[in-house]
Amino acid sequence: MSDNISHKVKELCREKGMTIKQLAEKMDIAPESLSRAINGNPQLSTIRKIAETLGVSVTNLFDRDEDELLAIVVYAGKTKTATTKAELKKIVDAL
């Protein structure tokens, strides 16, 4: 997931004529913190803040074909992602 977010955030920044550093400043966080988040396992709150700051929806931060599944499930303080129906079913069954 993180490679996907990192790539897309950088692409969106380029489209909007800003750098990652400028995005971090607008988010009121250190550029290093933003870099760690998009290159690691960002929290859903961080993903939402990035999307809000860039003026896009959360789904725009993920490169997916229209028929591909991307599910983000946050439950009991843990975030899980699924890219197939089987993965999503496994997550839901574990809840």
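Here the residue numbering is sequential within each chain, running from 1 through the sequence in written order. Given that the model is predicted, a residue must reach a pLDDT of at least 70 before its local features are reported, and side-chain atom pairs must reach 80 or more before they are shown or counted; all residues, however, enter totals for whole chains, interfaces and linings. Water and hydrogen atoms were dropped before computing side-chain values, which therefore reflect all heavy atoms in the structure.

S.K.: How would you sum up the nonpolar core? Please name residues and give values.
M.R.: Judged by nonpolar contacts, the single largest core of 17 residues is most densely connected at Val9, Leu23, Leu34, Ile50, Leu54 and Leu61. Residues count as neighbours in contact if any of their non-hydrogen atoms are within 4.5 Å of one another. Apart from residues lying up to four places away in sequence, Leu54 is in contact with Leu12, Cys13, Lys16, Met18, Leu23 and Leu61. Only buried residues count toward a nonpolar core. Its members are Ala, Val, Leu, Ile, Met, Phe, Trp, Tyr and Cys residues joined through side-chain atoms within 4.5 Å. Per-residue accessibility, obtained with a 1.4 Å probe over protein chains only, is compared with the maximum for each type, and a residue is labelled buried under 20%, exposed over 50%, and partly exposed between these values.

S.K.: Residue-level account of the packing of helix H2 (residues 20-27) against helix H4 (residues 44-54), with values.
M.R.: Here H2 crosses H4 at 105 degrees, and the two axes come no closer than 10 Å. Here H4 runs roughly perpendicular to H2, going by the angle between their axes. In this structure, H2 contributes Leu23, Lys26 and Met27 to the contact, and H4 contributes Thr46, Lys49, Ile50, Thr53 and Leu54. Across the contact of H2 with H4, the residue classes tally to four nonpolar, two polar and two charged. In this analysis, axes come from line fits to C-alpha atoms, helices being fitted only over the stretch in contact, and the angle between any two N-to-C directions falls in the range 0 to 180 degrees. Starting at the N terminus, helices and strands are each numbered in turn, a helix being any DSSP run of H or I of at least four residues and a strand any DSSP run of E of at least two. Working rule for angles: under 35 degrees goes down as roughly parallel, over 145 as roughly antiparallel, 65 to 115 as roughly perpendicular, anything else as oblique. Amino acids outside the nonpolar list (Ala, Val, Leu, Ile, Met, Phe, Trp, Tyr, Cys, Pro) and the charged list (Asp, Glu, Lys, Arg) are all regarded as polar, and Gly is one of them.

S.K.: Summarise the environment of Ile38; cite the residues concerned and give the values.
M.R.: Along the polypeptide, Ile38 turns up in helix H3 (residues 31-39). Here the alpha-carbon distance between Ile38 and Ile50, two residues twelve residues apart in the chain, equals 9.5 Å.

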